[in-house]
Each structure stands twice: as structure tokens, then as C-alpha cells.
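Inside the fold
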Amino acid sequence: MQTARELEVLRSAVAELRSGGGTIALVPTMGALHEGHLTLVRQAKEAADHVVASIFVNPRQFGEGEDLDAYPRQLARDSELLETEGTSLLWAPPPQEVYPEGYATNISVAVVSEGLCGGDRPGHFDGVATVVCKLFNQVLPDMAFFGEKDWQQLAVIRRMARDLDLSMPSVDTIHGVPIVREADGLAMSSRNAYLSPEQRSNAAALPKAMKDAIAVLAGGGDTQRALGNLRETLKVSGFDSVDYAEVRDADNLKPLSSDNGNARLFVAARIGGTRLIDNMAIR
């Protein structure tokens, strides 16, 4: 596996991969890889001739007071994991390579970025859309793979690709991969490493409470009561606060007052200093 840290080197390496006529799949990450990330790599490898993975902790998607400095960085370990999975090329640029001095362009995607994590983290999805658009332009992949745990992020990226008429990848080749979960149901996340043993045990209440709420919602129960019970369950289970618990349309992310057949439950909750997010289909 080759590693590129400069754009010129990346483009030369991508051209070499394409010289034989093979297809390229991109798996963008911020590192601190876990089984969820590796699942993306495996699915990408099944779909394309070559997998290019990126590791870049994007400063533009972290707000004031968030964990940019504390975010885990373990490039050597991550590189070994990617190489073991058969990744062809790793793009791991330093911040100044992505945002050189004088950088002044920002991409903002309306509607799907509003509310949920967009409401709690102003500017977050501008940073996501901007860096992903740059990654697409840098690698020019035939397809790209993202985890569905960050469902709103995936919706923002697809909307951006559609609105900007991107062709490599096109909106139809931006693939969402189902959430990979721990044995107790907790969605895998790099931030799970922040949890103490007690917090990690308590965190299992999140997917369970969501499933309980979904059982009520799918049966036609009252939405606000189900969400209220979910919030209360999390608080008595050791969570400090619930940022949001909402039912939204899975495609356009507009809020729903009941199940419309395409509804999804979205939750973000904090335990200790860690913010956990999850989402599940109601049907």
C-alpha cells in the first residue's frame, strides 16, 4: 500500500492505478479506525478494482470547544489495518495540504443540514461538505463509501453531489453502508474510546431505548410520548443529556409527527464528555 501526503504524489499514484483501466473506490475517514471503517473498505474492495482510503482529521467540521485536539490520531496503526484489508493507496495529508494559506472557499448545503447535528453543531456540515468535495476532486473516484451511522452527513454529501453535478463520484455511486454495532447494540464509533468502563456499560441503553421507542412508533403509538419515554430512559441509565430525539423522513430529513412508512429515528445523547449519535429505521 502506498501512502501519499502531498497532492502531487496522490494524483500521480491515482493515475498509476487507473493506467490499467481499473475502477477506484474512495473511503473517506478521520482515522482511529474500527470494524465499521474496515467494513466500508471491504465493501469498497468488492465493488472496485482499487480502494483509496483517506485519513484526515478535518478542522473545519469541529466547532469551538469540540474535541479537535483530543481526537485520536494513530496513523501507524490505521495504516497497518488498511494494508491488511488490501487498500491500494492511503491519502493522509497534513492540514496545510488541504487548506493552504489563503484558502477562502466554503460549501454550504441547506435543508438536509438543518436541525439534528446541524442544529447542535453550527457550521459542522459546511466543513463536511467542503472537505468531501475536495476529496472527490483530489481522488476523482468512480464511487465512494460512507457509514450510515452519520445518516445526516450522508444526506448532505448526496445533496451536494447532486446539486454540483459531480460525476466522479456521481450521486448514484455514493454508497451508504449499514451501521456496524458492538455485541450489545452500541453503534461503533471512534468516540466510544473516550468512555470509561462504567460509561461504556451504560451506553448500551441507547440502542435498547431506541428499539423500545421504535416498537411503539411502528405500532401506531403516540410519537411525543415515545420520544419522551426514550429521553427519560437515557437519563436514568446514566446519560447526562439528550441533544435530540426526533423522527424524520429518511430521504429529505424533514421532521415528522408520525411514521410515514419512510421514517427514521435519530438520537444524539451525551454521557460524560462524549456525544453519541445513532439512527434506526422505524420499519
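Here is what the cut-offs are and how they apply
Residues numbered from 1 in each chain as written. Predicted model: local features only at pLDDT ≥ 70, side-chain atom pairs only at ≥ 80, totals over all residues. Heavy atoms only, no water. Pairing = 2+ DSSP bridges. Helix = DSSP H or I, 4+ residues; strand = E, 2+ residues; numbered from the N terminus. Axes fitted to C-alpha atoms, helices over the stretch in contact; angles between N-to-C directions. Contact = heavy atoms within 4.5 Å. Polar contact = N/O pair within 3.5 Å; in protein donor to acceptor, adjacent residues only side chain to side chain.

1. A look at the sheet that holds strand E8 (residues 263–271)
Strand order in the open sheet formed by three strands is E7-E8-E9, and the pairing between neighbours is antiparallel. The sheet is open, and its two edges are formed by strand E7 (241–249) and strand E9 (274–281), each paired on a single side. The average angle at which neighbouring strand axes cross in this sheet is 10°, direction not considered. Both E7 and E8 contribute to a ladder of eight bridges, which runs antiparallel. Bridge pairing links Tyr 244 to Ala 268 in E8. Helix H10 (residues 223–236) contacts E7 and E8 of the sheet and is inclined by roughly 150° relative to E7.

2. Focus on the sheet that holds strand E2 (residues 24–29)
Pairing within the open sheet is parallel, and its six strands lie in the order E1-E4-E3-E2-E5-E6. Two strands close off the open sheet at either side, each with one partner strand: strand E1 (2–4) and strand E6 (174–177). For this sheet the average axis-to-axis angle between neighbouring strands, irrespective of direction, equals 25°. The sheet strands contacting helix H6 (residues 124–139) are E2, strand E3 (50–55), strand E4 (89–91), strand E5 (143–147) and E6, and the helix crosses E2 at an angle near 150°.

3. Digging into the side chain of Asn 58
Among the structural elements, Asn 58 can be located in the loop between E3 and helix H3 (75–84). At 3.0 Å, the side chain of Asn 58 forms a polar contact with the backbone oxygen of Gly 127. Among all residues touching Asn 58, those that are not within four sequence positions of it are Met 30, Tyr 99, Gly 127, Val 128 and Val 131.

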